[in-house]
Amino acid sequence: MALTERLLMGPGPSNPYPEVSAALARPMLGHLDPEFLALLDETCERLRRVFATGNRLTLPVSGTGSAGMEAALVNVVHPGDTGVVGVNGLFGERMAEVASRLGAEVVRVEAPWGEPLDPDALVGAHPSPAAIAFVHAETSTGVRNDVEPVTARKGGALVVLDTVTSLGGMEVDVDGWGVDVCYSGTQKCLGAPPGLAPFTLGPAAWERRTARPPSWYLDMGLIAGYVDGTGGRTYHHTAPVSMVFALHAALGVLLEEGLEQAWQRHEDCGRRLQAGLEALGLELLAPKDHRLAQLTTVLVPDDLPGAMTEADVRRALLERDGIEIGGGVGPLAGKTWRIGCLGHSARPANVTLLLAALAEVLER
Ligand code: PLP
């Protein structure tokens, strides 16, 4: 069956790709089994293609996206370093907190939730920061932060970029943009279950890495160093074998579809969703020129039917139609809905279903 047919006929909106479900059901292999190591190597190679990088140190960190964030910062931020952190949502806030726990002097560059970061403000916040860290696609607000205007003028700073909600769903070009450390998560546009953090660290970051970071588990010097004299691997930690199977399969589906095609699919579905929401008279939070396609934030209208709360609307969609949309977080709690159209769920039929179901619940 052609991939496009499978995409149209796949399981329900919240499920991963059928290939991924099959990979999760594969019989277990030992984590040092040569067959598993070959599959892990191929997974790292697939990640290089998706990140658009030649970085040798590219691998799935064993942990969720937040483990990727910790791994990124703990390996390059030394106590006393100045770290400029862009904060315009929950995940920028988390980056600032992680950097501060590592003893960095955090210079926060803020924008209101719902607006993009100002690249000039990020670049100009400090004359010689050790690192500039920010989120590419802010999942809490549906806003895209521009990367190239920052990397082009990063000077001696290492750029640390969160691509948890962008990788696989829109262009990410680690080497072309000059990003030094980049991480993601498996559960968003890659279409795999949560549990691994795709991660890549370039040569400049490797040179300047922390010699003995406060985390043993996430010390990339150790992980990259667990190779025996024959080029084989020795034990560092037990890799989550089934999750690697799942990521390997999800990356296979993505690369077979084609990265640019996958970005376009997310773009088409997201824009179609957004046009449909506006046609229902709903207002979107993010400004049009920085609005993500894969994550749409909608302002909760003040004329919900009857005595319905915004949580009742979400519950009705989930219980009746099997569609999960997210509530707002932080200062946007109770004020927005967050509608993901990512990975396997980014397909026209799901958009049609959501719009019809929402129109019915909202009586519009
Ligand atoms: N960064 C962004 C942009 C995210 O959207 C998320 C999770 O949604 C994270 C980091 C943290 O990832 P996880 O929840 O997998 O730890």
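Residues numbered from 1 in each chain as written. Predicted model: local features only at pLDDT ≥ 70, side-chain atom pairs only at ≥ 80, totals over all residues. Heavy atoms only, no water.

(A) Expanded view of the site of the ligand. The ligand sits among 14 residues. The nearest are Thr64, Ser66, Thr139, Asp162 and Lys188. In isolation the ligand offers 390 Å² of accessible surface; the protein chains occlude 87% of this area. Broken down by element, the residue count for the shell around the ligand peaks at 3 residues, all from helix H4 (residues 65–76). For the shell around the ligand, the per-class residue count stands at 5 nonpolar, 6 polar and 3 charged. (Near = heavy atom within 4 Å. Areas by Shrake-Rupley, 256 points an atom, 1.4 Å probe, with all protein chains shown as cover. Helix = DSSP H or I, 4+ residues; strand = E, 2+ residues; numbered from the N terminus. Nonpolar A, V, L, I, M, F, W, Y, C, P; charged D, E, K, R; others polar.)

(B) Fine view of the packing of aromatic side chains. Scanning the entire structure with this criterion turns up 1 aromatic pair. With a centroid separation of 6.3 Å and an interplanar angle of 70°, the aromatic rings of phenylalanine 36 and phenylalanine 245 are classed as edge-to-face. Here the residue phenylalanine 36 occupies a position in helix H3 (residues 34–51), and phenylalanine 245 occupies one in helix H11 (residues 241–257), the gap between them amounting to 209 residues. Judged by its relative accessible area of 0%, phenylalanine 36 falls in the buried class. When its relative accessible area of 1% is taken as the criterion, phenylalanine 245 is described as buried. The aromatic ring of phenylalanine 245 is capped on one face by arginine 26, whose charged end is 4.3 Å from the ring centroid. Between the NZ or CZ atom of arginine 209 and the centre of the ring of tryptophan 206, over which it lies, the distance is 3.6 Å. (Phe/Tyr/Trp six-rings, centres within 6.5 Å; stacked < 30°, edge-to-face > 60°. Buried < 20%, exposed > 50% of the residue type's maximum accessible area, 1.4 Å probe, protein only. Lys NZ or Arg CZ within 6 Å of the ring centre and 35° of its normal.)

(C) Spotlight on the domain arrangement of the protein chain. Each assigned domain of the protein chain is listed with its residue range as follows: domain 1 (3–13 + 259–362) and domain 2 (18–257). Taking only C-alpha atoms into account, the centre of domain 1 sits 27 Å from that of domain 2. The interface of domain 1 with domain 2 comprises 28 residues on the first partner and 32 residues on the second. Together domain 1 and domain 2 conceal approximately 2,500 Å² of surface at their shared face, both sides included; 65% is due to carbon and sulfur atoms. Its largest share of buried area at the contact with domain 2, domain 1 owes to Leu259, Trp263 and His290, together 26% of the area lost on that side. Our enumeration of links across domain 1 and domain 2 arrives at 1 salt bridge. (Domains from an automatic or database assignment. Contact = heavy atoms within 4.5 Å. Buried area = accessible area lost by both parts, 1.4 Å probe. Salt bridge = Lys/Arg side-chain N within 4 Å of Asp/Glu carboxyl O.)

(D) Spotlight on the pattern of salt bridges. Tallying each qualifying case throughout the model produces 17 salt bridges. The residue arginine 46 makes a salt bridge to glutamate 42 at a minimum N-O spacing of 3.4 Å. One end of the pair, arginine 46, and the other, glutamate 42, are both in helix H3, 4 residues apart, so they sit about a helical turn from each other. On the basis of relative accessible area, glutamate 42 is assigned to the partly exposed category, the value being 39%. Among the salt bridges present, the one from arginine 153 reaches aspartate 120, with a minimum N-O distance of 2.9 Å. Pair noted here: arginine 153 is in the loop between helix H7 (148–151) and strand S7 (158–162) and aspartate 120 is in helix H6 (residues 119–124), with a separation of 33 residues, a long-range link. Arginine 153 sits in the partly exposed class, given a relative accessible area of 41%.

(E) The state of the cysteines, seen in detail. With the rule as written, the count across this model stands at 0 disulfides. There is no disulfide at cysteine 182, and the cysteine sulfur nearest it, in cysteine 189, is 13 Å away. Using a relative accessible area of 0% as the deciding quantity, one classes cysteine 182 as buried. For the unlinked cysteine cysteine 341, the closest cysteine sulfur is that of cysteine 269, found at 4.8 Å. (Disulfide = S-S within 2.5 Å.)

(F) Structural detail: the environment of alanine 311. One can find alanine 311 in helix H13 (residues 310–321). C-alpha separation for the pair alanine 311 and alanine 38, spaced 273 residues apart in sequence, amounts to 46 Å.

(G) Main features of the packing of H3 against H11. Where H3 meets H11, the axes come as close as 9 Å, and the angle between the chain directions of the two elements is 45°. The orientation of H3 relative to H11 falls into the category oblique. Both H3 and H11 take part in a crossing whose hand is left-handed. Of H11, the residues touching H3 (which contributes Phe36, Leu39, Leu40, Glu42, Thr43, Arg46, Leu47, Arg49 and Val50) are Val241, Val244, Phe245, Leu247, His248, Leu251, Gly252, Leu254 and Leu255. Residue classes in the contact of H3 with H11 are distributed as 12 nonpolar, 3 polar and 3 charged. (Axes fitted to C-alpha atoms, helices over the stretch in contact; angles between N-to-C directions. Parallel < 35°, antiparallel > 145°, perpendicular 65-115°, else oblique. Left-handed = near helix turned anticlockwise from the far one by under 90°.)

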